[in-house]
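Topology and contacts: notes
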Amino acid sequence: MTNGQPQDVALVGGGVIGLSCAWRLAAQGFRVRLIDPAPASGASHVAGGMLAPIAEAWPGEESLLELGAASLRRWPEFAAELSAAAAGPSGLNEHGTLVVAVDNADREQLDALAEHLDSLGRKVTGRTSRELRGIESTLGPSVRAGLEVPGDLSVDNRTALAALRRAAEEAGVEFLARSASRVRPGAVELDGEVLHCDAAVITAGVRAPELHPELSGLVRPVKGEILRLRTRPTALPPPQHTIRGPVHGRQIYLVPRTDGLVIGATQYESGFDAEVTVGGVRDLIGDAERLLPGIGEYELVEANAGLRPAPPDNLPLIGWLDTGVLVATGHHRNGFLQAPLTAEAVGELLRGRRAPAEVEAADPARWKGN
């Protein structure tokens, strides 16, 4: 500890949030140890990688929209610096998003989204089915109308995770393949050992409530199934834009990769069950084919499920829990989107400064006394 500022930081959890914080802190001169038995796994490994605060806006979640939009503005610079630090690609795809509808009820939902965004001063462009197919020619005939959201981007999650791991290693982060059982001021308890530190940061996703009593009941697992498809020589190429529903009221997204698509995602409140169900795969493929019929020629290479760390109000938990104990978790389906701003906020807080204004609503102190 120098002049009240921690020099030795222990991070517990190595998903996209933990890796982003570890890289940024180490690059700023902190000694960083990241504790995780399998970094870059879990929900981050399964994620679709959408960076879509506008398309996912919802009335009553204005603070979440502001946080997501502020982090999205940081993504191009974050990606450029990550690519340089890792000496490889960051995975960022700067093509935008098309939100489409296949029936009148879905179209009404998109009209409501556009009206809500307009009330907040955020414009999206309505498109006819012909205009949408002019942007992405492989859209199916069931698509009737939609919205073009050019600012909502995506990232190849696994490319980004690999780059974050390399960048963190190059910056001097020490990786400890261990499991933590508790975090307290000045220490992280491991199996049979205590790791002392100036400050600890809990970035452990759905396991965060096990590490500190203040997090009890504030993060729950929400299951999401996801499919990965690869193009074949006989198949049409994947779209450049992210394509997303609703399809008959069910939300679905198709996120391009260089060799195919990621299709997601179901959403279940089923505890820590992370098994893929036949029903989930059936619904994802059926809905996806309504939007892009050509995927029937793709190769199905993976069906997986992840557990999103969801707080009660969908806002993440970013702030002080205790003396020398920070939390940065509960990012639900927005871990990749919110990673740049979260890492920035953690760095500011560890220096004794205020977090960026958009992060203030995510302070875990909002739940004290509830």
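Scroll up for the structure.
In what follows, the accompanying structure is described. All figures in this text were calculated on a predicted structure; none of them were measured in a lab.

A few words now on the overall build of the protein. When its secondary structure is counted, the protein shows eight helices and 20 strands. A compact globule built from 370 residues would reach a C-alpha radius of gyration of about 21 Å, and the protein, at 20 Å, matches this within 12%. Seen through its principal axes, the protein has C-alpha atoms that stretch 65 × 45 × 40 Å. Taking all 370 residues of the protein together, the buried fraction comes to 54%. Put simply, 74% of the contacts in the protein that link residues at least 6 apart link residues at least 24 apart. If you sum the accessible surface of the protein, you get close to 15,200 Å²; carbon and sulfur atoms cover 49% of it.

What the second largest pocket holds in volume is close to 260 Å³. Lining the second largest pocket are 15 residues, with Gly91, Asn93, Pro256, Arg257 and Thr258 positioned closest to its centre. Residue assignment for the lining of the second largest pocket shows that the elements contributing at least two residues are strand S4 (92–93), strand S8 (153–155) and strand S16 (253–257). For the lining of the second largest pocket, the residue count by class is six nonpolar, seven polar and two charged.

On to the sheet that holds strand S11 (residues 187–190), then. Reading across the sheet, the three strands line up as S10-S11-S12 and stay open at both edges, with antiparallel pairing between neighbours. The sheet is open, and its two edges are formed by strand S10 (180–184) and strand S12 (193–196), each paired on a single side. Between one strand and the next, the sheet's axes are offset by a mean angle of 20 degrees, whatever the strand orientation. As paired strands, S11 and S12 are joined by four bridges and run antiparallel to one another. Of the residues in S12, the one forming a bridge with Leu190 is Glu193.

Take the sheet that holds strand S14 (residues 220–230) next. Read from one edge to the other, the open sheet built from eight strands follows the order S6-S7-S5-S15-S16-S17-S14-S18, with strand pairing classed as mixed. The sheet is open, and its two edges are formed by strand S6 (125–128) and strand S18 (299–310), each paired on a single side. Looking at each pair of strands side by side, their axes are set apart by 25 degrees on average, direction ignored. By the bridge criterion, 11 bridges tie S14 to S18 in an arrangement that is antiparallel. Directly across from Leu227, in S18, lies its bridge partner Ala303. Against the sheet, helix H7 (residues 278–291) engages strand S5 (97–101), S14, strand S15 (242–244), S16, strand S17 (260–264) and S18, with an angle of about 55 degrees to S14.

Attention now goes to the packing of aromatic side chains. For the structure on display, the rule yields two aromatic pairs. Residues Trp75 and Phe78 carry aromatic rings whose centres are separated by 5.1 Å and whose planes lie at 75 degrees to one another, so their mutual orientation is edge-to-face. With Trp75 and Phe78 both in helix H3 (residues 62–86) and three residues apart, the pair spans about one turn of that helix. You'll find Trp75 and Phe78 in the same group, each marked buried. Through a chain of ring-to-ring contacts, the aromatic side chains of Trp23, Trp75 and Phe78 assemble into a single cluster. One Lys or Arg, Arg24, reaches over the ring of Trp23 and ends 4.4 Å from the middle of that ring.

Time to look at the pattern of salt bridges. Throughout the structure, instances matching the rule amount to 30 salt bridges. Of the charged contacts in the structure, one is a salt bridge between Glu169 and Arg165, with a shortest N-O distance of 2.9 Å. Here the residue Glu169 and the residue Arg165 both occupy positions in helix H6 (residues 157–171), the gap between them amounting to four residues, near one helical turn. For Arg165, a relative accessible area of 29% translates into the label partly exposed. Three or more residues joined by partner-sharing salt bridges are found here, namely Asp8, Arg31, Arg33 and Glu174.

Parameters and conventions
- Residues numbered from 1 in each chain as written.
- Predicted model: local features only at pLDDT ≥ 70, side-chain atom pairs only at ≥ 80, totals over all residues.
- Heavy atoms only, no water.
- Helix = DSSP H or I, 4+ residues; strand = E, 2+ residues; numbered from the N terminus.
- Rg over C-alpha atoms; globule rule 2.2 N^0.38 Å.
- Buried < 20%, exposed > 50% of the residue type's maximum accessible area, 1.4 Å probe, protein only.
- Contact = heavy atoms within 4.5 Å.
- Areas by Shrake-Rupley, 256 points an atom, 1.4 Å probe, with all protein chains shown as cover.
- 1 Å grid on protein atoms, 1.4 Å probe; cavity = no way out; pocket = protein on both sides within 12 Å on 5 of 7 lines; lining within 4 Å.
- Points joined across faces, edges and corners; volume = space filled by probe spheres on them.
- Nonpolar A, V, L, I, M, F, W, Y, C, P; charged D, E, K, R; others polar.
- Pairing = 2+ DSSP bridges.
- Axes fitted to C-alpha atoms, helices over the stretch in contact; angles between N-to-C directions.
- Phe/Tyr/Trp six-rings, centres within 6.5 Å; stacked < 30°, edge-to-face > 60°.
- Lys NZ or Arg CZ within 6 Å of the ring centre and 35° of its normal.
- Salt bridge = Lys/Arg side-chain N within 4 Å of Asp/Glu carboxyl O.

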